[in-house]
Amino acid sequence: MKDFMPPMPLKRLLMTGAAGGLGRELRARLAPFAERLRLSDLAPLAATPAPHEEDMPCDLADKAGMRALLADVDAVVHFGGVSVERPFEQILEANLRGVFHLYEAARLQGVRRIVFASSNHTIGFYRQGERIDTSAKQRPDSYYGVSKCFGEDMAQMYFERYGIETVSIRIGSALPEPQNRRQLSTWISHRDLVNLIGHALFTPGVGHTIVYGASASRDTWWDNSGASVLGWAPLDSSEPYRAAIEAQPPLADDDPNGIYQGGFFVNEGPFD
Ligand code: NAI
Ligand code: 15L
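Residues numbered from 1 in each chain as written. Chains lettered and ligands numbered in written order. Predicted model: local features only at pLDDT ≥ 70, side-chain atom pairs only at ≥ 80, totals over all residues. Heavy atoms only, no water.

Undergrad: Mind showing me how you'd approach the side chain of Ser 40 here?
TA: Position of Ser 40 among the secondary structure elements: in strand 2 (residues 34–40). Using a relative accessible area of 2% as the deciding quantity, one classes Ser 40 as buried. Polar side-chain contacts of Ser 40 include one of 2.7 Å to the backbone oxygen of Met 56. Sequence-distant contacts of Ser 40, defined by excluding residues within four places in its chain, comprise Leu 14, Met 15, Thr 16, Gly 17, Ala 18, Met 56, Pro 57, Cys 58 and Leu 69. (Helix = DSSP H or I, 4+ residues; strand = E, 2+ residues; numbered from the N terminus. Buried < 20%, exposed > 50% of the residue type's maximum accessible area, 1.4 Å probe, protein only. Polar contact = N/O pair within 3.5 Å; in protein donor to acceptor, adjacent residues only side chain to side chain. Contact = heavy atoms within 4.5 Å.)

Here you go:
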């Protein structure tokens, strides 16, 4: 299988979270997907916009700002928000209100497709080695995980009510390379993630589809068969990194990084 190329680029694609770790990595690779790439974040962009890019800063918590942000946009890659466990009030503004503002803006501006950066922390309390598909009950491991469950539920509701289509990608660990034993199962390469975003943007009739975002791994916990509608398959695998990672010192028996799919997130907080 080759890297994804769209049948015809969109006129304008919006990426939120464009100044973040994945925004910085993926931004240039989204170029083939649209004639214009609108980039948005609270924080300044890491690099000056290229000729095909436009910078439109916005706080996800700003309802009117979000409505303006989605004007003249064909689709959204929604990567903005709090990306780790934090006090609930921070999650509330960026991830709960932010997702509400995103979908309301999509409804009012006629945007028909969203790719939502969900997370493995929606199901983080499953034990490592338990094999689950995307219909398994959500088992969030943190307020952060709850916020991603909420995002998936908003996506479902806005599809059923208004026909706005979403692919929710439960991203595992999107890094240049896997760093530890857990990530041998959760890692997704940047190339696989970009290809998955491409399929998620351009495959017709996805309704609301949930997919696990992971490269191929020998011991995967995630059954992605329900997402076959997207026609995506990972090109990369964590196997080349296995020997080096398995040479790392063993984890303690009670280390959540060796017990739960969500790893240490199950123990983050409380903050008061
Ligand atoms: P990141 O934390 O580096 O980037 C998130 C961006 O969102 C930041 O630039 C931040 O300024 C922006 N942001 C936060 N609050 C905002 C607000 N109120 N208004 C506007 N912008 C705001 O996270 P990363 O790693 O780039 O992840 C991107 C997305 O993918 C996040 O939604 C994260 O939850 C999700 N994800 C990432 C994974 C990973 O392995 N990197 C794994 C699973 C999910
Ligand atoms: C996530 O959802 C986080 O955004 C990221 O920082 C990683 O911690 C990742 O999950 C993971 O579980 O490895």
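Undergrad: In this structure, what is going on with the packing of helix 3 (residues 88–109) against helix 4 (residues 143–162)? I would like to understand it.
TA: Angle between the axes and distance between the axes are the two parameters that describe a pair of packed helices. Contact geometry of helix 3 with helix 4 gives a least axis separation of 10 Å together with a crossing angle of 15°. Taken together, the axes of helix 3 and helix 4 lie roughly parallel to each other. In this structure, helix 3 meets helix 4 at a crossing whose hand is right-handed. Contact with helix 3, carried on its side by Phe 88, Ile 91, Asn 95, Leu 96, Val 99, Phe 100, Tyr 103, Glu 104 and Arg 107, involves Tyr 143, Tyr 144, Ser 147, Phe 150, Gly 151, Met 154, Ala 155, Tyr 158 and Tyr 162 of helix 4 and no other residues of that element. Considering only residue class, the contact of helix 3 with helix 4 consists of 13 nonpolar, three polar and two charged. (Axes fitted to C-alpha atoms, helices over the stretch in contact; angles between N-to-C directions. Parallel < 35°, antiparallel > 145°, perpendicular 65-115°, else oblique. Left-handed = near helix turned anticlockwise from the far one by under 90°. Nonpolar A, V, L, I, M, F, W, Y, C, P; charged D, E, K, R; others polar.)

Undergrad: What should I look at first to understand the site of ligand 2 in this one?
TA: Lining the immediate surroundings of ligand 2 are Ser 83, Val 84, Ser 119, Asn 120, His 121, Tyr 144, Gly 172, Ser 173, Arg 182 and Phe 265. The contact in question runs from an oxygen atom of ligand 2 to an N or O atom on the side chain of His 121, over 2.7 Å. Here an oxygen atom of ligand 2 sits 2.7 Å away from a polar atom, N or O, in the side chain of Arg 182. Relative to its unbound accessible area of 320 Å², ligand 2 is 74% covered by the protein chains. More than half of the atoms of ligand 2 fall within 2 Å of the grid points belonging to the largest pocket. (Near = heavy atom within 4 Å. Areas by Shrake-Rupley, 256 points an atom, 1.4 Å probe, with all protein chains shown as cover. 1 Å grid on protein atoms, 1.4 Å probe; cavity = no way out; pocket = protein on both sides within 12 Å on 5 of 7 lines; lining within 4 Å. Sits in = over half its atoms within 2 Å of the grid points.)

These figures capture arrangement, not role.
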